[in-house]
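# Examining the three-dimensional arrangement
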Amino acid sequence: MPKSPRPRARFSFSPTVRALLLAVAACGTALPALAATEHEDVDRLMQAGKLDEAMTKAEAFLKDKPRDPQMRFLKGVIQLDTGKRTEAIAAFTQLTQDAPELPEPFNNLAVIYASQNQFDKARNALESAIRTNPSYATAQENLGDVYARLASQAYSKALQLDQNNTAVQPKLAVIRTLFTAPPAAGSKGGSTLVASATTTPAPAPAAKPAPAPAPAPVAKAPAPAPVPAPAPVAKAPPAPAPAPVAPPVKVAAAPAPAAKTPEPAPAPAPAAAPASTAEIESVVRGWASAWASQDMDRYLAAYGSDFVPAGGQSRKAWEEDRRARIVGKSSISVNLENLAIKVDGQTATARFRQVYRADNLNIASRKTLELQRSGNQWHIRKESVGG
Amino acid sequence: MAASALALATPGVALAANNHNSSASSKTANAKNSGTTKAAKAGGSRASAKEAKSAKAGSGSSKAQLQAKSKRAAVADSASPARPARKTARTAAPIQEASGAEARLIGVYELFGRGKTREALAKAQTLVRDHPNFQLAQLVYGDLLAAQVPPSNAMPDTAGIARLRGNPAMVELHEESRRRLQALRERPPAGTVPSQFLTLSTRSRFAIAVDASRSRLYLFENADKGMKLVADYYISVGKSGTDKAVEGDARTPLGVYYITSSLDPRSLKDFYGAGALPINYPNPYDVRRGKTGSGIWLHGTPPQQFARAPLASDGCVVMANPDLKQLLRKVQIGATPVVTARSLQWISQPQAEKEEKKFADSITAWKDARASGNEAQLKKFYLPDFQRASRKPVDADSVLRDELTYAQGKRVQIKDVSYLHWRDTEDTMVATFGEVFEGEKNGRTRRQYWLRQAGEWKLFHEEILG
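All of these numbers come straight from a predicted model, not from anything done at the bench.

## Some points on the overall build of chain B
In terms of regular secondary structure, chain B is built from 15 helices and 17 strands. For chain B, buried positions account for 58% of its 466 residues. Within chain B, contacts between residues at least 6 apart in sequence are counted, and of these 66% link residues at least 24 apart. Accessible surface for chain B amounts to roughly 19100 Å². Of this, 52% is attributable to carbon and sulfur atoms.

## Focus: the overall build of chain A
On a plain count of helices and strands, chain A comes out with 17 helices and four strands. Across the 387 residues in chain A, those meeting the buried criterion constitute 54%. A separation threshold of at least 6 residues defines the contact pool for chain A, and within that pool the share at least 24 residues apart is 62%. For chain A, the computed accessible surface area is about 16000 Å², with 56% contributed by carbon and sulfur atoms.

## Some thoughts on the packing of aromatic side chains
Residue and element names in this part refer to chain B. Inspection of the entire model under this criterion finds 24 aromatic pairs over all chains. Considering the side-chain rings of Y449 and F460, the 6.1 Å spacing of their centres and the 50° angle between planes classify their relative orientation as tilted. Within this pair, whereas Y449 is found in strand β16 (residues 444-453), its partner F460 is found in strand β17 (residues 456-464), the two being separated by eleven residues in sequence. Judged by its relative accessible area of 3%, F460 is buried. In this structure, R288 is placed above the aromatic ring of F460, and the distance from its NZ or CZ to the ring centre is 5.0 Å.

## Notes on the sheet that holds strand β13 (residues 382-389) of chain B
All names here are of chain B. The strand order across the open sheet built from six strands is β2-β14-β15-β16-β17-β13, with neighbouring strands paired in mixed fashion. Of all the strands in the sheet, the pair left with one neighbour each is β2 (197-199) and β13. Averaged over all pairs of adjacent strands, the angle between strand axes in this sheet comes to 20°, irrespective of strand direction. Bridge analysis of β13 against β17 gives four bridges, and the strand direction is parallel. Paired with R388 across the bridge in β17 is E462. Sheet contacts for helix α13 (residues 349-372): β2, β13, β14 (412-423), β15 (427-437), β16 and β17; angle to β14, the most-contacted strand, approximately 125°.

## Focus: the pairing of β16 of chain B
Residues and elements named next belong to chain B. Bridge count for β15 against β16 is eight bridges, and the pairing is antiparallel. What sits directly across from A431, in β16, is Q448. The turn linking β15 back onto β16 is made up of six residues, and G439 within it adopts a positive phi angle of 90°. As judged from the eight bridges shared by β16 and β17, these two strands associate in the antiparallel manner. The partner of R446 across the bridge, within β17, is I464.

## Details of the pattern of salt bridges
All names here are of chain B. One pass over the structure, following the stated rule, counts 50 salt bridges over all chains. A salt bridge links R179 to E175; the shortest N-O distance between them is 2.8 Å. Linking R179 with E175, this pair stays in helix α10 (residues 169-185), spanning four residues, or about one helical turn. In this structure, E403 and R388 form a salt bridge, with 2.6 Å as the shortest nitrogen-oxygen distance.

## Some points on the side chain of S289 of chain A
Among the structural elements, S289 of chain A can be located in helix α15 (residues 273-292). If we ignore the near neighbours within four places in the chain, the residues touching S289 of chain A are K171 and R298 of chain A.

## Some details on the packing of helix α6 (residues 85-98) of chain A against helix α7 (residues 103-115) of chain A
All names here are of chain A. Two elements in contact, α6 and α7, have axes whose closest approach is 9 Å; the angle formed by their N-to-C orientations is 150°. At the point where α6 passes α7, the crossing takes the left-handed sense. Residues R85, A88, I89, F92, T93, L95 and T96 of α6 form the contact with α7, whose own contacting residues are P105, F106, N108, L109, I112, Y113 and S115. Class assignment for the residues of the contact of α6 with α7 results in nine nonpolar, four polar and one charged.

## Digging into unusual backbone geometry
All names here are of chain B. Residue P282 is bonded to the preceding Y281 through a cis peptide linkage, with omega at -10°. Its location among the elements puts P282 in the loop between β7 (276-278) and α11 (284-288). In this structure, S215 is a non-glycine residue whose phi angle is positive, near 55°. A positive phi angle, near 55°, is found at A250, a position not held by glycine. You can see A250 is positioned in the loop between β5 (226-238) and β6 (255-258). The class for A250 is buried, based on a relative accessible area of 11%.

## Overview of the confidence of the model for chain A
Residues and elements named next belong to chain A. Averaged over every residue, the pLDDT of chain A is 68; the share at 70 or more is 61%. Per-element confidence in chain A is highest for α6, whose mean pLDDT is 94, and lowest for helix α1 (residues 7-11), whose mean pLDDT is 26. Scored below 50 in pLDDT, residues 1-32 makes 53 contacts in the model with residues more than four places away or belonging to other chains. For residues 180-273, every residue scores under 50 in pLDDT, and the model assigns this stretch 166 contacts once sequence neighbours within four places are set aside.

## Concerning the side chain of S362 of chain B
If you trace the backbone, S362 of chain B turns up in helix α13. Dropping the residues within four chain positions of it, S362 of chain B is found in contact with F381, W450 and W457 of chain B.

## Let's talk about helix α17 (residues 315-326) of chain A
Residues and elements named next belong to chain A. Between its first and last C-alpha, α17 extends 16 Å over twelve residues, near the 16 Å set by a 1.5 Å rise per residue. Those residues of α17 that fall on the buried side of the exposure criterion are W318, R322 and I326. Projected onto a plane normal to the axis of α17, the buried residues spread over an arc of 55° and lie on a single side. Away from its buried face by more than 90 degrees, α17 exposes K316 and A324. G328 lies just past α17 and shows a positive phi near 100°.

## Quick look at the pairing of β6 of chain B
All names here are of chain B. Burial along β6 is two-sided: G255 and Y257 and V256 and Y258, pointing in opposite directions, are all buried. In terms of strand pairing, β6 meets strand β11 (residues 337-341) through four bridges, oriented antiparallel. Among the inter-strand pairings, Y258 is bridged to a residue of β11, identified as P337.

## Points about α13 of chain B
Residues and elements named next belong to chain B. In this model, α13 (24 residues) spans 34 Å end to end at C-alpha, consistent with the 34 Å of a helix rising 1.5 Å per residue. All of the buried residues along α13 are A352, E356, F359, S362, I363, W366, K367, A369 and R370. G373 sits one or two positions beyond α13 and adopts a positive phi of about 80°.

## So, the confidence of the model for chain B
Residue and element names in this part refer to chain B. Looking at chain B as a whole, the pLDDT averages 81, with 77% of positions reaching at least 70. Contacts for the low-pLDDT stretch residues 93-98, under 50 throughout, to residues beyond four places or in other chains number 31 contacts. Scoring of the predicted complex yields 0.63 for pTM and 0.75 for ipTM.

## Digging into the environment of E104 of chain A
Residues and elements named next belong to chain A. Turning to its location among the elements, E104 is positioned in helix α7. With a relative accessible area of 0%, E104 lands in the buried category. Sequence spacing of E104 and R176 is 72 residues, and the spatial spacing of their C-alpha atoms is 8.4 Å.

## Some points on the packing of helix α8 (residues 135-148) of chain B against α10 of chain B
Residues and elements named next belong to chain B. It is the contact of α8 with α10, at a shortest axis distance of 10 Å, that shows an interaxial angle of 100°. With respect to each other, α8 and α10 are oriented roughly perpendicular. Across the interface between the two elements, Q135, L136 and L139 from α8 touch M170, L173, H174, E176, S177 and R180 from α10. For the contact of α8 with α10, the class distribution of residues is four nonpolar, three polar and two charged.

## Concerning the environment of L465 of chain B
Summarising the element assignment, L465 of chain B is placed in the segment after β17. Other than its neighbours up to four places away in sequence, L465 of chain B contacts T432, T445 and R447 of chain B.

Rules of the game
Residues numbered from 1 in each chain as written. Chains lettered and ligands numbered in written order. Predicted model: local features only at pLDDT ≥ 70, side-chain atom pairs only at ≥ 80, totals over all residues. Heavy atoms only, no water. Helix = DSSP H or I, 4+ residues; strand = E, 2+ residues; numbered from the N terminus. Buried < 20%, exposed > 50% of the residue type's maximum accessible area, 1.4 Å probe, protein only. Contact = heavy atoms within 4.5 Å. Areas by Shrake-Rupley, 256 points an atom, 1.4 Å probe, with all protein chains shown as cover. Phe/Tyr/Trp six-rings, centres within 6.5 Å; stacked < 30°, edge-to-face > 60°. Lys NZ or Arg CZ within 6 Å of the ring centre and 35° of its normal. Pairing = 2+ DSSP bridges. Axes fitted to C-alpha atoms, helices over the stretch in contact; angles between N-to-C directions. Salt bridge = Lys/Arg side-chain N within 4 Å of Asp/Glu carboxyl O. Left-handed = near helix turned anticlockwise from the far one by under 90°. Nonpolar A, V, L, I, M, F, W, Y, C, P; charged D, E, K, R; others polar. pLDDT = per-residue confidence, 0-100. Expected span 1.5 Å × (residues − 1). Arc of directions from axis to C-beta. Parallel < 35°, antiparallel > 145°, perpendicular 65-115°, else oblique.

As structure tokens, this is what we get:
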């Protein structure tokens, strides 16, 4: 797996996937755009929490096009959302077999395994996800969490501690749509599907300090290496990986990926830059996952000491307020969409659409986090809604 | 976060690096062993032969490597002194039969040390799968996993990991790791024996020496050509260390002993694992010095533990069950000596023979005095408080008379001699031998305890074994 990510491989699709996508397009009998619309409809219904409707629609669609990977994937997500783990496992497993090049089904399988405390299986699935696409940020992030959890387990066994004492399940991020998702409505019909799948190669804004995934930095940027590893070389995936990661993910959920999609353009980009974007993304996703798992320590730790709560609240009052709002919900999910990150030296801005669900609440809003680097860590300095 | 992994792996690196240089010579050494005991073992894990090979280390540059701060440095260090390392590898006794689990653990260190983190992780994973109760392996596996967590994942379980790493019990695991590596890096020089083993009767087919400072038990096979190190194992000793003096001090005795029995594991609590081999502590020398306590055993581990911390018993010597099982097949009740030392001194076989000759002169003189029938002459060999073990204590005078009647004028041949030398504040010798009168087939087997006073060897205790 530690083969270095080659931009080309990363953003284009393997023949298998392409074949699948083409098949979809073909089945769509001249109306692939329609298919895209249906995917979106299902996705929208899901986001609105209308899971039954979404399921009905997905099944109707699949009756005609049983092999459509995107819809099968969506169906799996619905099953997951409705607690049908076994079915979801079956759906994602089948997808991993039919389209082994897609990282998303592996990722979601891993999420389910992790929720069942099967961390070794989760790890294998995530490693497969990353093998298919070394720059898959969500899978990388999830894998980091799984490694951390496995490490805790191993340490607990080393110390012969009761596992139950230490087991707070990590909440891993579910990927809700395939990277190959059709782009926002309104895009041109026809070959859109295929085109959208490859959105990336789009006109690369190569100028940006884009997360240049160039293989080169790997050797050059020991920064993210988790260990004072022996040879920077063999340092395995996590090390080099986090760097090039960021881009595709956002694309994943993003209805309007256009702006974001960074380019693999083997830009002569500064080696250091990409690390930052990926770092920010993980901080932000970590923040969201801490929130979702109601892990207040982690959640609050994401905010820097210079964080000033909005509305003139004191830090302490704000913390208490947050605690009261977060802890005790039967479940929380926080999904980030259209995550866009700008890094500017020691500060960074992350904008995204936050889809928050808790108990019966379902709120989607725009959110902006301003982050500040102190030492090796990034902290949230300001949080604002809108924009 | 990586501190732990690094701390563990660095010695591993030194170890591993060492081996690269000596791979050629160690290969031959390994081939030699594999013909015998190793072969069967190697089947267990495909990698074990390789691992055992890599685990054996010349000690030439190990100090420098230990100090190397980064792995890269360690690797670089090791690259230059290739020649010397090769040399030392040739003269050091190879690891021959470390338990499969330990050899596999060392393999993990070695891979990590070479930067092959993925392979190390995979091996560690199968190791903990096969030995989930091997705590040190779990620690190493945990370190390798934690090393895979990108630093940007700062949030997830890191607090938990930090807390676990801060657990005081980690110190013991790190110490276990350190001692295992040390013992594997600092091998006994080839052709040497612990200084206690001056000579060993071939009736004792095996002999055991425990080095508490290294948490290591060395098993020797005693054949016509002398003693040969055939295996060594990680062991734990008393919580309070060694030099047992009184009952309940949680110390492991130091001295020369014999295995007195083998207890059926079915009759034992789980706590003792695969079995137990009591030794004759307190021996007559201990008794003479007023040491107390009892029930010092070599035994195994409870099911939930593969191995125990270096200092963890109440005075017993504790081994991993697979290791103990190997030992159980080899020891002979009453005939297998067990030396327990704070730190073993290794001497060459010729030097051991020289020492043996010196002491043999005293035995011969004792024998001649007895044959001479001169009581005054013979008495010089006994300390006033001499005792012979029997149902009731027998005083020195009656023993003297007894000996004179027993042996007067007859020619006696001494055979199957074992001399075990023990030196601490005093210089003592445990001599075991058979004596046969001319024209007879059988005779007595004696075990005598001698003490050197003012340069003269004197008897203070004797057991007639049969």
